[in-house]
Every structure is written in C-alpha cells, then in structure tokens.
Amino acid sequence: WEVFRTMSRPSHAAAEAALEHVTAPTLVVMGSADKDFKDPAADAAGVADSLGGRAAMIDGAGHYPQGEQPEAMLEVLLPFLAEVTGAARRGGTP
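On a predicted model such as this, the values are computed, not experimentally measured, just so you know.

As for the side chain of Asp 34
Step number 1: Looking at the secondary structure, you find Asp 34 in the loop between strand S1 (27–31) and helix H3 (40–51).
Step number 2: No salt bridge is formed by the buried Asp 34, whose closest oppositely charged neighbour, Lys 35, lies at an N-O distance of 9.3 Å.
Step number 3: A polar atom in the side chain of Asp 34 sits 2.8 Å from the backbone nitrogen of Asp 36.
Step number 4: What Asp 34 contacts, discounting residues up to four positions off in sequence, is Pro 40, Ala 61, Gly 62 and His 63.

Below, the structure is given as structure tokens:
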C-alpha cells in the first residue's frame, strides 16, 4: 500500500525548483476540467506568471487536453509557436 500511495502522490518539488531556471518562452495549457487541480485556471496562471509566460485553458478538457481536444489544443499552440519562431527569426523575444 505504501508504494501505491507514494506513486499516486508524487512530489513536484524537483520540478518546482527547476522553474526558476526556465528561460524559454512558455505557454502553460491546462484543461478547465482537470480534476488533479482544485482550480486549474489559477494553477495555470500561477505557473505562467512565475515563468513570465502565458496560460491558456482548454474549456471542458481534463488532464490531457492534447488528447481530449486536439483541435482546441492546436488553436492555442500554433499561434504561440508562430509568434515564438517568428521572434527568433527576427533576433528578438516574443
């Protein structure tokens, strides 16, 4: 039972400690119905703010918006990638 409990409640401490080292443009995408988070929109905004990035919510999606609503995911991802790659080509930041 202890192994199961440990595996089902992993620590995010290492990931959280690494956030301060992220320098890449960041888009945090979460499903609005993600049951792993008490308030998905607030969590997405908090992570995005800490990274100087932005957050996008996929309305009605759960923990895997890319699989649950791939079209909606592309609607937020493709413009972000176009902006980031365009800025990189111009030698600037998005």
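Concerning the pattern of salt bridges
Step number 1: Across all of its chains, the model carries one salt bridge by this definition.
Step number 2: A salt bridge links Arg 54 to Glu 83, with the nearest nitrogen and oxygen atoms 2.9 Å apart. Remark: Glu 83 occurs in helix H5 (residues 70–90) and Arg 54 occurs in strand S2 (residues 54–58); sequence separation between them is 29 residues.
Step number 3: Note on Arg 54: relative accessible area 37%, which makes it partly exposed.

Considerations on the nonpolar core
What tends to happen in soluble globular proteins is that the nonpolar side chains get buried as a cluster.
Step number 1: If you look at the biggest cluster of nonpolar residues, it comprises eight residues: Leu 27, Val 29, Ala 56, Ile 58, Ala 61, Met 73, Phe 80 and Val 84.
Step number 2: Of all the secondary-structure elements, those providing two or more residues to this core are S1, S2 and H5.
Step number 3: Per-element accounting of this core gives the leading share, three residues, to H5.
Step number 4: Residues contacting Ala 56, with those up to four places away along its chain left out, are Leu 27, Val 28, Val 29, Met 30 and Val 76.

Analysis parameters
Residues numbered from 1 in each chain as written. Predicted model: local features only at pLDDT ≥ 70, side-chain atom pairs only at ≥ 80, totals over all residues. Heavy atoms only, no water. Helix = DSSP H or I, 4+ residues; strand = E, 2+ residues; numbered from the N terminus. Buried < 20%, exposed > 50% of the residue type's maximum accessible area, 1.4 Å probe, protein only. Lys, Arg positive; Asp, Glu negative; His and termini not counted. Salt bridge = Lys/Arg side-chain N within 4 Å of Asp/Glu carboxyl O. Polar contact = N/O pair within 3.5 Å; in protein donor to acceptor, adjacent residues only side chain to side chain. Contact = heavy atoms within 4.5 Å. Core = buried A, V, L, I, M, F, W, Y, C linked by side-chain atoms within 4.5 Å.

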